[in-house]
Amino acid sequence: MDTRVCSRAARSGNLVRKCLIDWTTLPNELVIQIFSYLNNRDRARLSSSCRSWRFLGSSSDLWKSLDLRMYNCDARTANLLASRCSNLRKLRFRGDDVARVLTSLKASNLREISGDLCMSINSDTLCSIAVHHDELEILQLGPEPCERIHDMDLQKIAPFCGNLRKLSLSGIRKVDSVAFDALARWCQNLTDISLHDCVNVDLKSLGKVVSVRFLSVAGTLNFQEDGRFVTYRSNKDKLLITPSTDIFKAVASLFDNTAGDERTVFSNWRTSINVKRNLNEVMNWLERILSLSLQCIAESNSLGSDNFWLDQGVALSVSLAKSLQEDVQEQAAAALGTFVFNDDNETRESVRCAAVIREGGVLQLLHLSKSWREVLQSVAVKALSNLSVNSEVAKAIAEDGGISNIVNLARSTYISVAEHAATVLWNLSAEEHKDAIAEVSGLQALIDLIYKWPTGGDALLESAVAALRNMAVSYKCSMLVIELGGLNALVSVVQRCNHEGVLEEVACALTNIASQKNISKAALRQEVSALEVLIQLTRSPYDAVREAAVDELMNLSIYGEKWVTVAAAGGVQALVALANSCSDASHSLRKKAAFTLCGLSVTKTNSIAIGREGGIAVLAALVQPGAEDIEKPISGALRNLAYYPSNVHRILEDGGIMALFYLCSLSISRSVQFMSALTLSFMFDERMDEFVLAMDSSERDLNRRNIDSFRILAMDFIHDFISAFYNPQAISAAATSLSPSSLTKLAEMARIPEAGHICSQNNLLYKDLLNINVIVPRNSSMSYSQLPPLFQGSVG
C-alpha cells in the first residue's frame, strides 16, 4: 500500500476525531441561535432530548414569533404554550376555533396578530382579542370574508387599540362614519388600512383618519368604477392603483430612472442599494397588497379576468413569489395554483398553464417548496398539485428536477404537505414519469404514507393509493410495489378505511398489480392476496367501490385469464352474492356482475360452484325488460352452466328456464336468441335422462314429467326462433334461379355474425338444434298461460 495514502488516511482520522463536537458543551447563545432556525415541531423534539436543552428550548428569545397555522391548537394546547409566550410579539393562526383560545396563551405583549379562515369570528372574540392585547400594532383577518364582524365592532375595539398601525379586514358588509370616527379618535398611529371585498365603505368619513398613508379598498362595491384594471398617477408623491391596464408600468413610474424591462421592476428594486427609505416602505406595501389582491382575484374567478392573467397576472404573481416577505410569497404562490384550478374550461386551462411555465412559475414554486417554513411548503406544493393536472406542467416539474423534491415532501411530518405532494405524484404518475418516480424511491414514499397516517387522512390516502395505482400499470413498478410490501399496505387500507374514494382506488391498484402476466404466485400469496381484497371490496356499501372491484374482477376473469385464481380466492361465492344484491344497484354494476359470472363459468369447477351457490336464480333475476346489454353475458353464462346435468336441474327449478324462454323469444339480439336456443337444445339430451334415473323412485316420475313438459315447450321456442329465418319468397326465388347471388342473399338472411365463433366451437350441437326442431311436434303439455306475464302474447 502507498505509505502516502496511509499517512493521509491517518491524518484524516485525526482530523475527524478533532472535529467531533460535544453538542451539550456549546454556548447557550449558540444553541438558542440554532434552535431559532427550526420549526416549532423540530424545536420541541430537540428540547425533549436533555434537561439543558429543554431549558434553552423554552427561552423567551425563541418564542417571539409563533405560527400555529399548521397545528390544531385547542384550549389545552394553548395553556401548555402559555409558559413560553410571555415575550411573544408575533402570532399567526388559522380558524375560528383557534381565535377563541388566543387569550389562553397569555401573550399580553403581542404586537401582531394575523388570522385566516376566520369566516365565523364574531364580535365577542374580536373584542376579547383587543382587550387582552393592548400593545397590538397590527391586526389582520382574511383574506376570507369576516361576515360576522360589523362596523359597530370596530367602534368597540378602537379604544383598546391605541397603538394600532395596521388594520386589514376582509368581507365586512359595511364600514360607516361611526367606525371611522372611532378609529380617527383612538388609533392616531393608524397608517395602513386594508378593507378588501367590503360591501360598502363610507369613503368620505374615511378621510377623517388623517394618519393613513396606505389605503387598499380592492373589491369594495361603492369604490369600483367599471371593473377594468387602470392605473392613475395623480402626482409624483401619490400612486392610486385601481382597475389597471399595466401594473408593472405604474409601479415602475415610482422610480426616476427605469432601465430595461418594466416587468423586472420588483427584482431590480430588491437588489438596489440606492433606494430611499420612503420608497422601500411603498414597495413593501405594494407587494403585500398586490399579492393579496391576486389571491382574491384567483379565488373569485371573476368573468373577464382571463386577459388580465395572461397579460400580466401570471408574470406579476411569479415576480411577487420571489419577494423577501413571507406573506407575499405565500399569497403569490396561492394565486398561481388557484387561478388555473378554478377554470373548468380545458382550453383556457391549457393556455393559463402554458403562461405559468413560460414565466418560470413552475420553477419558482419548486424553489418555494424547499423552504424550511412548513406553511410556505404547503402552499407551494398545493399550487403544484393543482397545476400538475396539466401534462405540460407535469413535464416541466420533471425536467426542472422536481420529482425528487416532491418525493421528499411526501415524507413530511405535516399532513397537508404530504397530502399535496402525494397528489403531485398522482398526477405525474399518470404521464410518462413512472420510472423517474421509482428511481428516487417514490414508491417507498407512497407506501410509507399509507402507514404513516392511519387516521384522519382520507384525502392523503386517496392520493397515495391512486399514485400507486398509476405506477402499477408498469410491470417493473408492479414488481417493485410487491417487493416493498405494497400489497400488504393496500390491504391495511381496506382494513381500517371506509372512505369511498380510497377504496375505489385500492380496487384499481390491486387489479393493476394482479393483472401482470408474469407476476409470481408467491407474490400474490402474501399476508392477504390482492384478489381476496378485491373480493372483499365487492361487499362494500358504496356502489362505486363495488363497481370498481367487480370491474377489475371482470377484467381478470374474462380477459386476464386469471379466473382460476379469482375462484380460488372465493370469487364465485362473493360474485353470486354481489349479483344477488344488485336489484337496487346501478345498471352498470348489474352488467359487470353478469359479465364476471359469465367469465368464471368457463370451467367445470366454477360452473358447478355457481349453480351450487344460487347463481342461476341470480342470473335469471337480472333478465329484465330494458336491460338488453346484460342479456349477452347472461345467455353466455347459462350456456356454460347447462353443460352439466346438476346445473340443468337447477335451471329448471330456479327460474333459469323461464329466463332462457324470454331470451330466446323476446331479446332484440339475434346472437342472444341463438345462444338461448342452443342452450335449450342441449339441456334436454341424454345427460338429463341419466340425471333423472339417479333420483329416488318417489321423485323420478314427477321430475320426468316436468322435464318432458319443459322439453316440449323448449322445442316450441326453438322452432319459433328458426322459423323467424324462414322466408318462402326468398327460398322460392333461390330454388328457381339457383344463381350464386340469390343463394348468397338467402344465406345472408339466416346469418348471425356474432354467433360465428359459437357455431365453430359447437358444430354438433348446432346440427342437433336443427334436427330436433324438425322432428318435435308443437303440442306441449304446458300451456302458454302458465308462463310469466312477460311472455304472454309474445310467443305463438
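What you see as residue numbers is a count from 1 along each chain, following the sequence as written. Thresholds applied to this predicted model are a pLDDT of at least 70 for local features of residues and 80 or more for the giving and counting of side-chain atom pairs; totals over whole chains, interfaces and linings are not thresholded and use all residues. Only hydrogens and water are set aside when side-chain values are computed; all heavy atoms of the structure are taken into account.

In the nomenclature of an unreviewed UniProt entry, the protein chain is known as F-box domain-containing protein of Heracleum sosnowskyi.

**What to know about the pairing of strand 5 (residues 166–170)**
Stated formally: Only protein chains enter the calculation, and the probe is 1.4 Å; a residue is then buried if its accessible area is under 20% of its type maximum, exposed if over 50%, and partly exposed in between. Think of it this way: any DSSP run of H or I at least four residues long counts as a helix, any run of E at least two long counts as a strand, and we number them from the N terminus. Two strands pair under a simple rule: DSSP has to find at least two bridges between them. Handedness of a crossover is defined as follows: with both strands directed away from the viewer, a clockwise route from the first strand across the helix to the second makes it right-handed.
The buried fraction of strand 5 amounts to five of the five residues, a majority that puts the element mostly inside the structure. Alternating positions in strand 5 separate into two faces, Lys-166, Ser-168 and Ser-170 on one and Leu-167 and Leu-169 on the other, with burial throughout. One ladder, built from four bridges, connects strand 4 (residues 138–141) with strand 5; its direction is parallel. The partner of Leu-141 across the bridge, within strand 5, is Leu-169. At this point the chain moves from strand 4, through helix 8 (residues 151–157), to the parallel strand 5, and the crossover so formed is right-handed. Sheet topology places strand 5 next to strand 7 (residues 192–196); five bridges connect them, and they run parallel. In the strand pairing of strand 7, Lys-166 is matched with Asp-192.

**What about unusual backbone geometry?**
With an omega of 15°, the peptide bond between Gly-142 and Pro-143 qualifies as cis. With respect to the element layout, Pro-143 can be found in the loop between strand 4 and helix 8.

**A closer look at the sheet that holds strand 7**
Adjacent strands of a sheet pair through backbone hydrogen bonds, lying either parallel or antiparallel. The condition is simple: Simply put, an axis is a line fit to the C-alpha atoms, just over the touching stretch for a helix, and the angle between two N-to-C directions goes from 0 to 180 degrees.
Ordered in space as 1-2-3-4-5-7-9, the seven strands form an open sheet in which the pairing is parallel. Each edge of the open sheet carries a strand with a single partner, namely strand 1 (65–67) and strand 9 (214–216). Sheet twist, expressed as the mean angle between neighbouring strand axes with direction ignored, is 5°.

**A closer look at helix 32 (residues 587–600)**
Under the convention used in this document: Any helix carries an expected span of 1.5 Å times its number of residues minus one.
Between its first and last C-alpha, helix 32 extends 20 Å over 14 residues, near the 20 Å set by a 1.5 Å rise per residue. Of all 14 residues in helix 32, 10 are buried; the element is thus mostly enclosed. All buried positions along helix 32 are accounted for by Leu-589, Arg-590, Lys-592, Ala-593, Ala-594, Thr-596, Leu-597, Cys-598, Gly-599 and Leu-600.

**Topic: the packing of aromatic side chains**
Spelled out, the test is: Put simply, two rings from Phe, Tyr or Trp (the six-membered ring, in Trp's case) pair if the centres are within 6.5 Å, and we call them stacked under 30 degrees between planes, edge-to-face over 60, tilted for the rest.
Overall, the coordinates contain eight aromatic pairs when judged by the stated rule. Between the aromatic rings of Trp-309 and Phe-339, the centroid separation amounts to 4.4 Å while the plane-to-plane angle is 25°, which identifies the pairing as stacked. Here Trp-309 is found in helix 14 (residues 306–320), whereas its partner Phe-339 is found in helix 15 (residues 326–341), with 30 residues between them in sequence. Here the two residues Trp-309 and Phe-339 agree in accessibility, since each one is buried. Note on Phe-674 and Phe-721: the rings are 6.4 Å apart at their centroids and 45° apart in plane angle, and the pair reads as tilted. Of this pair, Phe-674 sits in helix 38 (residues 670–683) while Phe-721 sits in helix 40 (residues 697–723), placing them 47 residues apart in sequence. The pair formed by Phe-674 and Phe-721 is uniform in burial state, with each residue classed as buried. Feature note: the residues Phe-308, Trp-309 and Phe-339 constitute an aromatic cluster, connected by ring pairs.

**Description of the pairing of strand 3 (residues 112–116)**
When a strand is regular, its side chains alternate between the sheet's two faces. For strand 3, the tally of buried residues reaches five of five residues, placing the bulk of the element in the interior. Of the two faces of strand 3, the one lined by Glu-112, Ser-114 and Asp-116 and the one lined by Ile-113 and Gly-115 are each fully buried. As paired elements, strand 2 (residues 90–94) and strand 3 share five bridges and run parallel to each other. Within the sheet, the bridge partner assigned to Lys-90 lies in strand 3 and is Glu-112. Traced from strand 3 through helix 7 (residues 123–132) to strand 4, the parallel crossover comes out right-handed.

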